[in-house]
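# Architecture at a glance
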Amino acid sequence: MDKIVIRGGRTLKGRIPISGAKNAALTLMPCALLTDEPLTLRNLPRLADIDTFGHLLNNHGVSTTIEGTHPEEFGRVMTLRANRITSTVAPYDIVRKMRASILVLGPLLARAGEATVSLPGGCAIGNRPIDLHLKALEAMGAEIELAAGYVKASAPKGGLPGGHFVFPIVSVGATENAVMAAVLAKGPTILENAAREPEIVDLCNCLVAMGARISGIGTEKLMITGVRDLHGATYAVMPDRIEAGSYACAAAITGGEVELVGAHEADLGATLASLREAGVLVTPTADGLMISRKNGLHGVNISTAPYPGFPTDMQAQFMAMLSVADGASMLTETIFENRYMHVPELSRMGADITVRGRSAVVRGAPGLTGAEVMATDLRASMSLVLAGLAATGTTTVNRVYHLDRGYERLEEKLSAVGADIERVLDG
């Protein structure tokens, strides 16, 4: 198993290209199930999760081809075509590897009239039930049954009629599944208290490019008028706002100056606001955003929240950055109940962090010390890399397969801006 070895203390300086968004790509890929024509996705990141999702789609009869990019380049162009749905079953062996697999449920139900999908896996960051996915589909006319670890969904003869659903709490995944199911429904669907994340906007824009009729994009009320068929399209995946935020923290924690090439300021509102509050300089450029730190960091208080609030996927990275800030910070996690598993590992490196229920108090330490640490999930892994970049001595991050799920060629990008970081084979 690979490890990441970091010899810390180097100031980062240069340019980092921001890859296509993992969370957007994993939502756009199942759109291929909604049409028998080709869907070509550009700027698709080279990630383990993308490959896993591709294998799942192959299982349903989707052909996937890679074209037009050199192996050394970042990103890929992938053409997906579901000329015929050959299976409506998403098996446990594939679905257990990643939670996003549940996103085939809505498209399969919409196009084939039925779907049998294993309950999903993914990072161990707490309970993430799919009840809102199922309730939204039921509101559109689906019949749902849970049996032997699988969701079995079926549409009435002739297809889903459409419907009206108010999400009791904001759910990104449930919104995505509901939108994909609704675009081929026989009648209109209204989704209220829908998620507004940029990835939802990206999904809706891609579906509109395929011929879907959606209004209210970017708001909490989506109105979808079902159409008989969707057609193919070519669509570019949005830049990854979590990757951009992570590398912004890397620049900040090392006192560096890094340009995030391709980053969209509009997608990073709460993250950039918290960076600025902590003393980080954020300057728009012609190609993206320049992140720099001329003076010290200082503590801030952050509470995660659905978009446009502070993203839960940036909590661990900010914790690492704030562990070397002046003063105290308080981070409150409102989305997941088990997302502080990185705290013991950061503590091994000298961070002063106290967890109290869903809040963590971070008291800035004068410095961190390299150590051997264990990654527990995707974003926790990145927090350990950030700590290693700032630490004195050598940090070894184990279980880097978590990183490979969400950061395209991380060590190459960081090495290019001055980090002493390498991937080594364990043993």
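Residues numbered from 1 in each chain as written. Predicted model: local features only at pLDDT ≥ 70, side-chain atom pairs only at ≥ 80, totals over all residues. Heavy atoms only, no water.

### Here we look at the overall build of the protein
Looking only at helices and strands, the protein has 14 helices and 24 strands in total. A globule of 427 residues ought to have a C-alpha radius of gyration of about 22 Å, and the protein, at 21 Å, matches this closely. Dimensions of the protein along its principal axes, counting C-alpha atoms only, are 65 × 45 × 45 Å. Relative to its full complement of 427 residues, the protein shows a buried share of 56%. (Helix = DSSP H or I, 4+ residues; strand = E, 2+ residues; numbered from the N terminus. Rg over C-alpha atoms; globule rule 2.2 N^0.38 Å. Buried < 20%, exposed > 50% of the residue type's maximum accessible area, 1.4 Å probe, protein only.)

### Details of unusual backbone geometry
Tyr 307 connects to Pro 308 through a cis peptide bond whose omega is 15 degrees. Inspection of the secondary structure puts Pro 308 in the loop between β18 (301-303) and α10 (315-322). Phi is positive for Arg 399, which is not a glycine, with a value near 60 degrees. At Arg 409, a residue that is not glycine, the phi angle is positive and equals roughly 50 degrees. With respect to the helices, strands and loops of the structure, Arg 409 is situated in the loop between α13 (401-404) and α14 (410-415).

### So, the pattern of salt bridges
Scanning the entire structure with this criterion turns up 22 salt bridges. Between Lys 135 and Asp 131 there is a salt bridge, and its shortest N-O distance comes to 3.9 Å. Taken together, the residues Lys 135 and Asp 131, both in helix α5 (residues 131-139) and four residues apart, mark about one turn of the helix. Classification of Asp 131 as partly exposed rests on a relative accessible area of 33%. Overlapping salt bridges bring together Asp 2, Asp 404, Glu 411 and Arg 423 as one network. (Salt bridge = Lys/Arg side-chain N within 4 Å of Asp/Glu carboxyl O.)

### A word on the domain arrangement of the protein
When cut into domains, the protein gives domain 1 (22-236) and domain 2 (239-424). The straight-line distance from the C-alpha centre of domain 1 to that of domain 2 is 30 Å. On the domain 2 side, the residues contacting the 23 residues of domain 1 number 22 residues. For Glu 199, the salt bridge is made with Arg 241, and the minimal N-O distance between the two is 2.8 Å. (Domains from an automatic or database assignment. Contact = heavy atoms within 4.5 Å.)

### Here's the deal with α5
Within α5, burial applies to Leu 132, His 133, Leu 134, Ala 136 and Leu 137. Packed against the buried residues of α5 are α4 (105-112), β8 (143-147), β9 (150-154), β10 (164-166) and α6 (172-182). Once α5 finishes, Gly 141 follows within two positions and takes phi at roughly 110 degrees, a positive value.

### Describing the state of the cysteines
Disulfide: a covalent bond formed between the sulfur atoms of two cysteine residues. Counting across every chain of the model gives zero disulfides. Of all cysteine sulfurs, the one in Cys 31 lies closest to Cys 204, which takes part in no disulfide; the gap is 9.3 Å. Given the relative accessible area of 1%, Cys 204 is considered buried. Residue Cys 206 stays outside any disulfide, its sulfur separated by 4.8 Å from that of Cys 31, the closest cysteine. Classification of Cys 206 as buried rests on a relative accessible area of 0%. (Disulfide = S-S within 2.5 Å.)

### Quick notes on the sheet that holds β10
The four strands lie next to each other as β10-β11-β13-β12, forming an open sheet whose pairing is mixed. A single partner strand is all that each edge strand has here, and the edge strands are β10 and β12 (213-215). Taking the axes of each pair of neighbouring strands and ignoring which way they run, one obtains an average angle of 15 degrees across the sheet. Pairing of β12 with strand β13 (residues 221-225) involves three bridges; the strand directions are antiparallel. Each bridged residue has a counterpart across the sheet, and for Ser 215 the counterpart in β13 is Met 223. (Pairing = 2+ DSSP bridges. Axes fitted to C-alpha atoms, helices over the stretch in contact; angles between N-to-C directions.)

### Brief notes about the packing of α5 against α6
Look at α5 against α6: their axes get within 8 Å of each other, and the N-to-C directions meet at 25 degrees. Judged on the interaxial angle alone, α6 and α5 are roughly parallel. The way α5 lies across α6 gives a crossing that is right-handed. Judged by residue contacts, Leu 132, His 133, Ala 136 and Leu 137 of α5 engage Gly 173, Ala 174, Asn 177, Ala 178 and Ala 181 from α6. Classifying every residue of the contact of α5 with α6 by side-chain character gives six nonpolar, three polar and no charged. (Parallel < 35°, antiparallel > 145°, perpendicular 65-115°, else oblique. Left-handed = near helix turned anticlockwise from the far one by under 90°. Nonpolar A, V, L, I, M, F, W, Y, C, P; charged D, E, K, R; others polar.)

### Some details on the environment of Leu 12
Relative to the helices and strands, Leu 12 is located in the loop between β1 (2-7) and β2 (13-17). Separated by 338 residues in sequence, Leu 12 and Gly 350 have C-alpha atoms that sit 22 Å apart. Excluding residues that lie within four positions of it along the chain, Leu 12 makes contacts with Ala 250, Ala 251, Thr 254, Gly 256, Glu 257, Val 258, Leu 389, Leu 414, Val 417, Gly 418 and Ala 419.

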